[in-house]
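Coordinate inspection notes
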Amino acid sequence: MDFAFGPEDERFRAEARDWLAEHFTGPFTVLEQQPGGHPGEGRGDMAVRRAWERELGTGGWIGVGWDRTDGAYGNRAATLTQQVVWAEEYARAGAPGRLGHIGENLLAPTLLAHGDSAQRARFLPAIARGEELWCQGYSEPDAGSDLAGLRTRAVLDPAAGTYRITGQKIWTSLAHEADWCFVLARTEEGSQRHHGLSFLLVPMDQPGRIEVRPIRQLTGTAEFNEVFFDGAVARAEHLVGGAGHGWRVAMSLLAVERGVSTLVQQIGFAQELSRVVRLALETGAAEEPVLRDRLVRQWAELKAMRWNALRTLGAAQNPAGSPVRDHAQDSAGTSAQDHTQDPVQDPAGGPVPDHARNAAPQRGAPHDLPPRNAGPQFPGSRDPGPRDPGAPSVAKLLWGGWHQRLGELAVQVRGAAAALGPERWTTGRPYELDAFQRLFLFSRADTIYGGSDEIQRTIIAERVLHLPKESRR
């Protein structure tokens, strides 16, 4: 496989960079991404954030690389490497966390893999235009990481051609802003565990039938919500994958969320690490040997995570397991050009602080890139999940712990100043935090949400290592 950027990729990079320079200006610059940011968090004017989604949609930058077997849906064609180029340039420009992330990167690949033509035609163009926002109705108070234990019910009314949904979801990002929610619910009476579940598309604008209650976090924001369904209506034609097949659809979606999509997530992580390293250099904290060692370890672990994501991509496209060679370094002994225009350059050795400060996300080294011939596997493939049953759980374990340790480092390098807010608190703004404090506080949840570390280890033990199953009552 060839892991280098080609001429077409560089032309695509120039187009993306020029578009962002022209459009991420004026009122949109107030949304510039900061460390510790999260797509669902409440910071920033929501009207401006929605306008930015529409701006991206008008430019054709939503759904880049979606499978075009059944139509273009308003987006632009792109190879796998071009999708990574777009993510790199978006991060380099400091553009904000996406309000449309859940619809674009989770629901859309699911509809492309499991939806029918009518569902794709109805929902994908609106996502691609940035006009409809989505949230994810999976976790429940007694079924968070153990998703198969959910109790939300959906009862079919054949005469009306609708499902009536009753139950509660929790930790629902962006539910307070979303236009639609994809809900995993139990549709077969008496079913247990992963049997009898269905995947439904539910409109959120149902006063009296859907109630959203924000959950205030340590960061002072309320990006998560409780959602209560009291007879909420979903149309029967908005059932994805067939009645009773919701578990298969849900697992396909989780493979996208936890597996291949982490490649783009790591670009943001690398930017956060670069900021922490710069702070360590500015404060002199990098002179302390133990802390310097932690910074280097953090950098090395991020590289390992990136290679693991690439391995997952390669395994999906190359099941025979042929070794992947770094052709550019084989021939030239050097890495490809760095495209970041970041003042932090490639260390190629150097003292420890220099190694750490070179964790910039947009690396151009050939071995850091997905194979050019990997096909439309990310995001929006017909087969959106890795074939390795443990790959999503491994990815979640890796990034959850890594990001949490980065938050701890961000506070440690600031020392005693980390206990102070960026400005004096007032009655109107009683809970103001800086970016590194938000990173520390929000990342405490990284090993819990999206499936706790304990559950991920159980999945690996049972489904990969085939150890005896844990007793469940």
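Below is a summary of the structure that appears in this document. Bear in mind that the values here come from a model prediction, so they are computed numbers and not experimental data. (Residues numbered from 1 in each chain as written. Predicted model: local features only at pLDDT ≥ 70, side-chain atom pairs only at ≥ 80, totals over all residues. Heavy atoms only, no water.)

Counting secondary structure elements, the protein chain contains 13 helices and 8 strands. The burial tally for the protein chain puts 54% of its 473 residues in the buried class. Long-range contacts, defined here as pairs at least 24 residues apart, represent 76% of the contacts in the protein chain between residues at least 6 apart. Within the structure as shown, the protein chain displays about 20500 Å² of accessible surface, and the carbon and sulfur contribution to it stands at 53%. (Helix = DSSP H or I, 4+ residues; strand = E, 2+ residues; numbered from the N terminus. Buried < 20%, exposed > 50% of the residue type's maximum accessible area, 1.4 Å probe, protein only. Contact = heavy atoms within 4.5 Å. Areas by Shrake-Rupley, 256 points an atom, 1.4 Å probe, with all protein chains shown as cover.)

Another aspect to go through is the nonpolar core. Counting 48 residues, the largest nonpolar core has Trp 52, Trp 86, Trp 134, Phe 182, Phe 199 and Leu 201 as the members making the most contacts within it. Breaking this core down by element, the ones donating at least two residues are helix H1 (7-23), helix H2 (46-58), helix H3 (80-92), helix H4 (101-114), helix H5 (117-128), strand E4 (180-186), strand E5 (197-203) and helix H6 (246-260). Element by element, the count of residues in this core is highest for H4, at 6 residues. Apart from residues lying up to four places away in sequence, Phe 199 is in contact with Leu 107, Thr 110, Tyr 138, Phe 182, Val 183, Leu 184, His 238, Leu 239, Val 240, Gly 246, Val 249 and Leu 253. (Core = buried A, V, L, I, M, F, W, Y, C linked by side-chain atoms within 4.5 Å.)

We now examine unusual backbone geometry. Note: most residues except glycine have negative phi, and most peptide bonds are trans. Unusually for a residue other than glycine, Leu 174 sits at a positive phi of about 65°. Classification of Leu 174 by relative accessible area gives buried; the value is 3%. At His 466, a position not held by glycine, the phi torsion is positive, near 55°. Of the residues examined, His 466 reaches a relative accessible area of 63% and is grouped as exposed.

Here we take up the environment of Ala 185. Position of Ala 185 among the secondary structure elements: in strand E4. The sequence separation of Ala 185 and Thr 152 amounts to 33 residues, and the corresponding C-alpha distance is 5.1 Å.

Across the 7 residues of E5, 6 count as buried, placing the element largely inside the fold. As judged from the 7 bridges shared by E4 and E5, these two strands associate in the antiparallel manner. Note on E5: the bridge partner recorded for Ala 185 is Ser 198. Pairing between E5 and strand E8 (residues 239-240): 2 bridges, direction antiparallel. Within E8, the residue paired with Leu 200 across the bridge is Leu 239. (Pairing = 2+ DSSP bridges.)

This next bit is on the state of the cysteines. One pass over the structure, following the stated rule, counts 0 disulfides. Free of any disulfide, Cys 135 has its nearest cysteine sulfur in Cys 181, 3.6 Å distant. For Cys 135, a relative accessible area of 0% puts it in the buried group. Classification of Cys 181 by relative accessible area gives buried; the value is 2%. (Disulfide = S-S within 2.5 Å.)

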